[in-house]
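# Chain and residue survey
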Amino acid sequence: MLLNHAFGLFTHPDSEWAEIRKEHAPPRRLYVAYVLVLAAIAPICAYISTAHFGWTVGSDRLIKLTEISAFQMSVLTYLAMLVGVFALGYAINWMAKTYGAREEVVPSNGIALAAYSCTPLFLAGFALLYPVPWFNAIVFLVAAGYGAWLMYDGLPIVMGIPKDQAVMYAGALLTVALVILVSTRVGSVILWNYGFGPVFVQG
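Residues numbered from 1 in each chain as written. Predicted model: local features only at pLDDT ≥ 70, side-chain atom pairs only at ≥ 80, totals over all residues. Heavy atoms only, no water.

What counts is decided by this rule: UniProt positions are given in the numbering used here, feature names are shortened, and annotations may be inferred rather than shown by experiment.
An unreviewed UniProt entry lists the chain under the name Yip1 family protein, with Marinobacter azerbaijanicus given as the organism. According to the UniProt record, the Subcellular location (unreviewed entry) comment for the chain is "Membrane".

### Brief notes about the overall build of the chain
The test is simple: Comment: elements are numbered from the N terminus, with helices defined as DSSP H or I runs of at least four residues and strands as E runs of at least two. Restricting the calculation to C-alpha atoms gives the radius of gyration, and the globule rule supplies 2.2 Å times the number of residues raised to the power 0.38. To sort residues, take the accessible area from a 1.4 Å probe on protein chains only and compare it with the maximum for the residue type: under 20% means buried, over 50% means exposed, and anything in between is partly exposed.
Along the backbone of the chain there are 9 helices and 3 strands. Helices and strands in the chain line up, N terminus first, as α-α-α-α-β-β-α-α-α-α-α-β. Here the C-alpha atoms of the chain give a radius of gyration of 18 Å, agreeing with the 17 Å that 2.2 N^0.38 yields for 203 residues. For the chain, the spread of C-alpha atoms along the three principal axes comes to 55 × 35 × 30 Å. Counting across all 203 residues of the chain, residues that qualify as buried make up 43%.

### A word on helix α8 (residues 133-158)
The criterion, for reference: To estimate how far a helix should reach, multiply one less than its number of residues by 1.5 Å. Throughout, a residue-residue contact means that at least one pair of heavy atoms, one from each residue, lies within 4.5 Å.
Spanning 26 residues, α8 covers 35 Å between terminal C-alpha atoms, matching the ideal 38 Å at 1.5 Å per step. On the buried face of α8, the contacting elements are α1 (4-11), α2 (13-23), α5 (67-94), α6 (109-117), α7 (119-124) and α9 (166-196).

### Quick notes on the UniProt feature "transmembrane region" (unreviewed entry) in the chain
Following the UniProt record, the feature "transmembrane region" (unreviewed entry) maps to residues 31-55, 75-96, 108-128, 134-155 and 167-192 here. Counted over residues 134-155, helix gives 100% and strand 0%. Its end C-alpha atoms are 32 Å apart. Helix and strand shares over residues 167-192 are 100% and 0% respectively, and the end C-alpha atoms of the span are 38 Å apart.

### A word on the nonpolar core
To be explicit about the condition: Buried Ala, Val, Leu, Ile, Met, Phe, Trp, Tyr and Cys residues that are joined via side-chain atoms within 4.5 Å together make up what is termed a nonpolar core.
Of all hydrophobic cores here, the largest spans 44 residues; its most connected members are Val35, Ile92, Leu155, Met159 and Tyr169. Listing elements by their share of this core, those giving two or more residues are α1, α2, α3 (27-38), α4 (41-53), α5, α6, α8 and α9.

### A word on the packing of α4 against α5
Threshold: Structural elements are reduced to axes, namely lines fitted to C-alpha atoms, with helices fitted over the stretch in contact, and the angle between N-to-C directions of any two is expressed from 0 to 180 degrees. An angle below 35 degrees is read as roughly parallel, one above 145 as roughly antiparallel, one from 65 to 115 as roughly perpendicular, and any other as oblique. Note on convention: the crossing is left-handed when the near helix lies turned anticlockwise from the far helix by less than a right angle, right-handed when the turn is clockwise. In the scheme used here, Gly and all other residues not listed as nonpolar or charged are polar, with Ala, Val, Leu, Ile, Met, Phe, Trp, Tyr, Cys and Pro taken as nonpolar and Asp, Glu, Lys and Arg as charged.
Here α4 crosses α5 at 160°, and the two axes come no closer than 9 Å. For the element pair α4 / α5, the angle class is roughly antiparallel. The way α4 lies across α5 gives a crossing that is right-handed. Of the residues in α5, those in contact with Pro43, Ala46, Tyr47, Thr50, Ala51 and His52 of α4 are Glu67, Ala70, Phe71, Ser74, Thr77, Tyr78 and Met81. Grouping the amino acids of the contact of α4 with α5 by side-chain chemistry returns 8 nonpolar, 4 polar and 1 charged.

### A short note on the pattern of salt bridges
Just so we agree on the cut-off: Criterion for a salt bridge: a side-chain nitrogen of Lys or Arg within 4 Å of a carboxyl oxygen of Asp or Glu.
Taken as a whole, this structure holds 1 salt bridge when the rule is applied. Lys22 is paired through a salt bridge with Glu19; the nearest N and O atoms lie 4.0 Å apart. On the criterion of helical spacing, the pair formed by Lys22 and Glu19 is a turn pair, its members being 3 residues apart in helix α2. Given a relative accessible area of 40%, Glu19 falls into the partly exposed group.

### So, a nonpolar patch on the surface
Threshold: Residues enter a patch when their relative accessible area is above 30% and they make no salt bridge; the linking distance is 9 Å between like charges and 5 Å between nonpolar side chains (Val, Leu, Ile, Met, Phe, Trp, Tyr). Where accessible areas are quoted, they stem from the Shrake-Rupley method and a 1.4 Å probe; at the residue level, only the protein chains shown are allowed to cover.
A surface patch of nonpolar side chains, amounting to about 750 Å² of accessible area, comprises Val182, Val186, Val189, Ile190, Leu191, Trp192, Tyr194 and Phe196. Within the element layout of this structure, Leu191 appears in helix α9. For Leu191, a relative accessible area of 31% gives the class partly exposed.

This is the structure we're talking about:
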């Protein structure tokens, strides 16, 4: 049922957000039935492409990751995505009153808004099966843009805020999202120093 929202957010987002608000899906159910499933797309595709397909550097030099290294990187990416969605959902709830949101008895709408707004980024993970850096960058840039628009569009509906507050609220949340992204990247670099860095091989 929850996975049906993934398609509705592309075809009729306003009515889909209204349905999401009515559901009040518990965060645990939302994570198990939606986030855990869709967030796995990018790590799995990245593992397949980096360990088995590789990418070309220059004219004929094929570079891959070892299977162990690719697995480690995929697991770390998966965990970072799960933490990132939760942190963004927490920030949405934390800032809700500031922008005039109606307080919920169960603060599940913030997690729902974060999870469903990340849907384009989750689905963009399929692009990693074609390991060409410029192509992947374009796909993820478009997905991030649409995800940001989904969040802006869903804020007034899901959180019950005035429409004129959505721009400021969305801007603040995008700033939080950038902080989360930078934090996960810094965390990755730190873990590389403890033996979890990428190990390259020539194909």
